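Inside the fold
In case you want the letters, here they are:
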Amino acid sequence: MGERLTRKDVEKIQEEITYRKLVVRKDAIEAVKEARAQGDLSENFEYYAAKRDKNQNESRIRYLERMLKNASIISDESKDDEVGINNTVELYFEDDEETQRLKLVTSIRGNSLDGKISTESPLGKAILGHKVGDRVYIKVNDQYGYYVEIRKLEKTIDDGSDKIRSY
């Protein structure tokens, strides 16, 4: 099974593929031609750098196309009072006595440094579908886990206005 993507994830990936094919590919081919025209290829750093950039772009295109081919499309809809994909939650970590705001996203958009937690992570899996006030056990491995309490839930209303509804 491949990546689990929302329709918006698929749209963004398709946009990147199109951009890379129509813009980046064209620029990379032109850079290779210019570097080749400089003469002796055996000592031409610009030529090797241009070829490397062109190959990296082609590799990224193949990777994204393969990801879309093997992906399963999931819904980002959830009940108004339940934690779902693209929702922001405020969690109270009991062991640390700290509160943290996190956004639940698909695995390709996960970035813990940016406060985006994947639905495939132990934390994301555990809180998905829960409600404000729920105390949830996060199992990390067979010997360790911890509790969080869902304190607040914010849902972005996808009507083009980027409104937020809090619970």
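Here, every reference points to the structure presented above.
For every chain, the first residue of the written sequence is number 1, and numbering continues from 1 along that sequence. Whole-chain, interface and lining totals are the exception, using all residues; otherwise, since this is a predicted model, local features are given only for residues with pLDDT of at least 70 and side-chain atom pairs are given and counted only at 80 or more. For side-chain calculations, the full set of non-hydrogen atoms in the structure is used, while hydrogens and water are omitted.

**Description of the overall build of the chain**
Counting its secondary structure elements, the chain contains 3 helices and 8 strands. Elements are defined by DSSP. Helices are runs of H or I of four residues or more, strands are runs of E of two residues or more, and each kind is numbered from the N terminus. Beginning at the N terminus, the succession of helices and strands in the chain can be written as β-α-α-β-β-β-β-α-β-β-β. Between the two quantities, the radius of gyration covers C-alpha atoms and the globule rule is 2.2 Å times the number of residues to the power 0.38. Over its C-alpha trace the chain gives a radius of gyration of 22 Å, far above what one expects of a compact globule, namely 15 Å for 167 residues. In terms of overall dimensions, the chain has C-alpha extents of about 70 × 40 × 30 Å along its principal axes. Burial classes: relative accessible area under 20% of the type maximum marks a residue as buried, over 50% as exposed, and values in between as partly exposed (1.4 Å probe, protein chains only). Taking all 167 residues of the chain together, 32% fall into the buried category. The contact rule is simple, with two residues in contact once any of their heavy atoms fall within 4.5 Å. Long-range contacts, defined as pairs at least 24 residues apart, comprise 47% of the intrachain contacts of the chain with a sequence gap of at least 6. For the purpose of charge, His is not counted, nor are the chain termini; Lys and Arg are scored as positive and Asp and Glu as negative. Every charge is mapped onto a representative atom, which is NZ of Lys, CZ of Arg, CG of Asp or CD of Glu. Taking the 31 positively charged and 34 negatively charged side chains of the chain as two groups, their mean positions are separated by 5 Å.

**Overview of the environment of arginine 7**
Here arginine 7 shows up in helix 1 (residues 7-36). Ignoring anything within four residues of it in the chain, the contact list for arginine 7 reads Ile73 and Ile74.

**A look at helix 1**
Under the 1.5 Å per step criterion, the end-to-end length of helix 1 is 42 Å for 30 residues, consistent within 8% with the ideal 44 Å. At arginine 20, helix 1 is deflected by roughly 40°, the largest bend along its length. Within helix 1, the full set of buried residues consists of Asp9, Val10, Ile13, Ile17, Ala28, Val32 and Ala35. Check the buried side of helix 1 and you find it contacts strand 1 (4-5), helix 2 (45-70) and strand 2 (72-73). Here a helix's expected span is defined as the number of its residues, less one, multiplied by 1.5 Å. Note on bend: the value at a residue is the angle between axes fitted to the seven residues ending there and to the seven starting there.

**Quick look at the packing of helix 1 against helix 2**
Between the N-to-C directions of two axes lies an angle of 0 to 180 degrees, each axis being a line fitted to C-alpha atoms and, for a helix, fitted only over the stretch in contact. Direction vectors running N to C along helix 1 and helix 2 enclose 160°, while the axes themselves pass 9 Å from each other. Overall, the two elements helix 1 and helix 2 adopt an arrangement that is roughly antiparallel. Considering the relative orientation of helix 1 and helix 2, their crossing is left-handed. Considered class by class, the residues forming the contact of helix 1 with helix 2 number 15 nonpolar, 2 polar and 11 charged. Angle categories: roughly parallel below 35 degrees, roughly antiparallel above 145, roughly perpendicular from 65 to 115, and oblique for all the rest. Throughout, a crossing is termed right-handed when the near helix is turned clockwise from the far one, and left-handed when it is turned anticlockwise from it by less than a right angle. For this classification, Asp, Glu, Lys and Arg are treated as charged, while Ala, Val, Leu, Ile, Met, Phe, Trp, Tyr, Cys and Pro are nonpolar and the rest, including Gly, are polar.

**As for unusual backbone geometry**
The backbone phi angle of asparagine 86 is positive, close to 70°, even though this residue is not glycine. Considering the arrangement of structural elements, one finds asparagine 86 in the loop between strand 2 and strand 3 (87-93). Located in the positive-phi region is glutamate 97, a residue other than glycine, with phi close to 55°. Under the relative-accessibility criterion, glutamate 97 is labelled exposed at 62%.

**Digging into the packing of aromatic side chains**
For this analysis, a ring pair means two rings from Phe, Tyr or Trp (six-membered ring only for Trp) whose centres lie within 6.5 Å, classed as stacked if their planes differ by under 30 degrees, edge-to-face if by over 60, and tilted for the remaining angles. Considering all chains together, one arrives at 4 aromatic pairs under this definition. Consider the rings of tyrosine 144 and tyrosine 146, whose centres lie 6.2 Å apart with planes at 40°: the pair is tilted. Relative accessible area serves as the criterion here: at 43%, tyrosine 144 is assigned to the partly exposed category. Relative accessible area serves as the criterion here: at 16%, tyrosine 146 is assigned to the buried category.

**Some details on a negative patch on the surface**
Only residues whose relative accessible area exceeds 30% and that form no salt bridge enter a patch; like-charged residues are grouped when within 9 Å of one another, and nonpolar side chains (Val, Leu, Ile, Met, Phe, Trp, Tyr) when within 5 Å. Note on areas: these come from Shrake-Rupley sampling with a 1.4 Å probe, and a residue is covered only by the protein chains present in the view. Salt bridge criterion: a side-chain nitrogen from Lys or Arg within 4 Å of a carboxyl oxygen from Asp or Glu. A contiguous patch of negative charge, built from Asp95, Asp96, Glu97 and Glu98, is present on the exposed surface. For glutamate 98, the position within the fold is in strand 4 (residues 98-105).

**Some points on the pattern of salt bridges**
When the charged atoms of two side chains with opposite charge come close together, those side chains can pair. Enumeration according to the criterion identifies 14 salt bridges in this entry. Put simply, arginine 4 and glutamate 120 hold a salt bridge, and the shortest N to O gap is 3.0 Å. Of this pair, arginine 4 sits in strand 1 while glutamate 120 sits in the loop between strand 5 (116-118) and helix 3 (122-127); the two residues are 116 residues apart in sequence, bridging distant segments of the chain. Residue class for arginine 4 comes out partly exposed when judged on its relative accessible area of 31%. In this structure glutamate 120 comes out as partly exposed when scored by relative accessible area, which is 35%. When the shortest N-O distance is used, the salt bridge between lysine 152 and glutamate 154 registers 3.6 Å.

Read these as geometric descriptors, not functional statements.
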